[in-house]
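Below are the chains, spelled out letter by letter.
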Amino acid sequence: MKKTQTKILLVDDEPDILEIVGYNLAQEGYQIVTASNGKDAIAKAQKELPELIIMDVMMAEMDGMEACEHIRKIPELNNVIITFLTARSEDYSQVAGFDAGADDYITKPIKPKLLVSKVKALLRRLKEQEVVTDTLNVGGIEINREEYKIIKGNVEIALPRKEFELFYLLASKPGKVFKRDEILDKVWGNEVVVGGRTIDVHIRKLREKIGEDLFKTIKGVGYKFEV
């Protein structure tokens, strides 16, 4: 086991969860910090500056949703990835989690090996955020932003500008759920007044041209690109 500099903050009011999850992640070499409630999580996050926060929703003193909202307002934690790990599996709870600022939402119970895999995927996303490039290679698809060109399986796919920009946005952070408001702001900005239906139409066209299974709908929230 090789110890890394990557720090993970675990937040849960159940000591057994902290112990089990913390042990499995520590075995992968991650540095583990723990907190037992939302208020403690905010303080620990500011002090430790973790790369990833794994947080329960239902906790005493301050729940995970409120803590997440607070953390998202702290400038030095702008790039921290936050995922909820909770037994709450209802659609409305997941929507509330994403609205609070979470990057992902994992439901209990989950096998330790699968959780470790998800953590690795989330941390890969952080590394991808740090790399600024005009060319992406995702799932065998080459995306050249400078030339507005997409190549999949040695075949060039032509896309109108807005479809290309939407695809580039989603593919720039595979697995990240982009909310509708964020998509509208980053792809359309102030150019023209469009509604949510415009996004749906563009996603449908991308599915037809690039791959039906690559674009996932997160009901009530937005879309993500998955390979």
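The notes below deal with the structure included here. (Residues numbered from 1 in each chain as written. Predicted model: local features only at pLDDT ≥ 70, side-chain atom pairs only at ≥ 80, totals over all residues. Heavy atoms only, no water.)

1. Topic: the packing of helix α2 (residues 38-48) against helix α3 (residues 64-71)
Here is step 1: Orientation of α2 relative to α3, taken along the N-to-C sense of each, is 25°, at an axis distance of 8 Å. Taken together, the axes of α2 and α3 lie roughly parallel to each other. Handedness of the crossing formed by α2 with α3: right-handed. Listed contacts from α3 to G38, I42 and A45 of α2 are A67, H70 and I71.
Here is step 2: Split into classes, the residues belonging to the contact of α2 with α3 amount to 4 nonpolar, 2 polar and no charged. (Axes fitted to C-alpha atoms, helices over the stretch in contact; angles between N-to-C directions. Helix = DSSP H or I, 4+ residues; strand = E, 2+ residues; numbered from the N terminus. Parallel < 35°, antiparallel > 145°, perpendicular 65-115°, else oblique. Left-handed = near helix turned anticlockwise from the far one by under 90°. Contact = heavy atoms within 4.5 Å. Nonpolar A, V, L, I, M, F, W, Y, C, P; charged D, E, K, R; others polar.)

2. A look at the layout of surface pockets
Remark: the empty space left among the atoms is shown by a probe the size of a water molecule rolled over them.
Here is step 1: A volume near 630 Å³ is recorded for the largest pocket.
Here is step 2: Forming the walls of the largest pocket are 26 residues, and the residues nearest its centre are D104, K118, G175, K224 and E226.
Here is step 3: Of all the elements in the fold, those that place two or more residues in the lining of the largest pocket are α4 (91-99), β5 (104-107) and α5 (112-130).
Here is step 4: Top contributing element to the lining of the largest pocket by residue count: α5, with 8 residues.
Here is step 5: Looking at the lining of the largest pocket, its residues break down into 13 nonpolar, 4 polar and 9 charged.
Here is step 6: Residues lining the lining of the largest pocket come from more than one domain, with at least three contributed by each of domain 1 (1-126) and domain 2 (133-223). (1 Å grid on protein atoms, 1.4 Å probe; cavity = no way out; pocket = protein on both sides within 12 Å on 5 of 7 lines; lining within 4 Å. Points joined across faces, edges and corners; volume = space filled by probe spheres on them. Domains from an automatic or database assignment.)

3. Some thoughts on the nonpolar core
Here is step 1: Judged by nonpolar contacts, the single largest core of 29 residues is most densely connected at L9, V11, I53, M55, I71, I82 and F84.
Here is step 2: At the level of secondary structure, the elements contributing two or more residues to this core comprise β1 (7-11), β2 (31-35), α2, β3 (52-55), α3, β4 (81-86) and α4.
Here is step 3: When residues of this core are assigned to domains, at least three map to each of domain 1 (1-126) and domain 2 (133-223).
Here is step 4: Excluding residues that lie within four positions of it along the chain, I53 makes contacts with L9, V11, A45, I71, V80, I81, I82 and T83.
Here is step 5: Ranked by size, the runner-up nonpolar core spans 27 residues in total, among them F164, F178, L214 and F215. (Core = buried A, V, L, I, M, F, W, Y, C linked by side-chain atoms within 4.5 Å. Buried < 20%, exposed > 50% of the residue type's maximum accessible area, 1.4 Å probe, protein only.)

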